[in-house]
Amino acid sequence: MIEYLDIGKVVNTHGVKGELKVMPLTDDPLRYSLLKYVLIDKDGKLEEYKIDSVRFHKNFVLLKLSGLETLEEAEKLKSRVLKIHRKDAVKLPEGSYFICDLIGIKVLNMNGSKLGTLKDVIKTGGNDVYVVQHEEKELLIPALKSVVKNIDLNKREMLVDLPEGLL
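Since the model is a prediction, treat every value here as computed from it, not as a measurement. (Residues numbered from 1 in each chain as written. Predicted model: local features only at pLDDT ≥ 70, side-chain atom pairs only at ≥ 80, totals over all residues. Heavy atoms only, no water.)

Participant: When you look at the overall build of the protein chain in this model, what are you seeing that I'm missing?
Facilitator: Per the secondary structure count, the protein chain includes 2 helices and 12 strands. Taken from the N to the C terminus, the helices and strands of the protein chain come in the order β-β-β-β-β-α-β-α-β-β-β-β-β-β. The dimensions of the protein chain, computed from C-alpha atoms along their principal axes, are 60 × 30 × 30 Å. Across the 167 residues of the protein chain, 33% fall into the buried class. Of the contacts made within the protein chain by residues no fewer than 6 positions apart, 50% connect residues no fewer than 24 positions apart. Surface summary for the protein chain: the accessible area is close to 10,200 Å², and the carbon and sulfur share equals 50%. In the protein chain, which carries 27 positive and 26 negative side-chain charges, the distance between the mean positions of the two groups comes to 3 Å. (Helix = DSSP H or I, 4+ residues; strand = E, 2+ residues; numbered from the N terminus. Buried < 20%, exposed > 50% of the residue type's maximum accessible area, 1.4 Å probe, protein only. Contact = heavy atoms within 4.5 Å. Areas by Shrake-Rupley, 256 points an atom, 1.4 Å probe, with all protein chains shown as cover. Lys, Arg positive; Asp, Glu negative; His and termini not counted. Charge placed at Lys NZ, Arg CZ, Asp CG, Glu CD.)

What follows is the structure, given as structure tokens:
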């Protein structure tokens, strides 16, 4: 399992006092309000930044981090990814998974034969869609309980019951 989870990407600065404009990489941006710190990868080394304040503007999170006092200091973090340690992540409800844990998982049909490997998750309004690489094409599998029968992260396997005509 991945030790650190990506939670956002710095897309710009905000104002002149070191505030960052962050595109959240989470289903619920309000989770930022619960965080005490974030980690930022700087040349292969994760640096911890204490969060001083969190605000929300449109679809973005505005973060003020300790040690960033000027626009110039904040600009150095543009395009960087914000991370948290897995132990600090929200507890997911039963049957929910972090996308990073699903990528690369083997997808099997009900008779146990391999359909392919999950390579992406598309977020839609109704339900997520799993993108599975199947031979030379991609399968789009709806992430519904009626289709996805079991996910075993330890075995790195997903068992699906495909609707007629999907394959």
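Participant: Please clarify how the sheet that holds strand 11 (residues 148–152) should be interpreted in this entry.
Facilitator: Within a sheet, adjacent strands bond to each other through the backbone by hydrogen bonds, running parallel or antiparallel. The 6 strands are arranged 10-9-8-7-12-11 in an open sheet whose pairing can be described as mixed. Edge positions in the sheet fall to strand 10 (137–142) and strand 11, since each of these pairs with one other strand and no more. Sheet twist, expressed as the average angle between the axes of neighbouring strands with direction ignored, equals 35°. Bridge analysis of strand 7 (residues 106–109) against strand 8 (residues 114–122) gives 3 bridges, and the strand direction is antiparallel. Bridge pairing in strand 8 places Val107 opposite Gly116. (Pairing = 2+ DSSP bridges. Axes fitted to C-alpha atoms, helices over the stretch in contact; angles between N-to-C directions.)

Participant: It is not clear to me how the side chain of His85 should be interpreted in this structure. Could you clarify?
Facilitator: Looking at the secondary structure, you find His85 in strand 6 (residues 81–85). Since its relative accessible area comes to 19%, His85 is described here as buried. The residues contacting His85, other than those within four sequence positions of it, are Glu3, Tyr4, Tyr37 and Leu39.

Participant: Please clarify how the sheet that holds strand 1 (residues 4–14) should be interpreted in this entry.
Facilitator: Taken in spatial order, the 6 strands of this closed barrel run 1-2-5-4-3-6, and their pairing is antiparallel. For this sheet the average axis-to-axis angle between neighbouring strands, irrespective of direction, equals 50°.

Participant: Mind showing me how you'd approach the pattern of salt bridges here?
Facilitator: Once their charged atoms are close, side chains differing in charge can pair, the charge on each being opposite to the other. Counted according to the given criterion, the structure contains 11 salt bridges. In this structure, the salt-bridge partner of Lys83 is Asp6, at a minimum N-O distance of 2.7 Å. One end of the pair, Lys83, is in strand 6; the other, Asp6, is in strand 1, with 77 residues separating them in the sequence. The partner of Asp52 in a salt bridge is Lys50, with the nearest N and O atoms 3.5 Å apart. For Asp52, a relative accessible area of 40% puts it in the partly exposed group. Put simply, Asp27, Lys123 and Asp128 are held in one network by salt bridges that share partners. (Salt bridge = Lys/Arg side-chain N within 4 Å of Asp/Glu carboxyl O.)

These results come straight from atomic positions and should not be treated as a statement about function.
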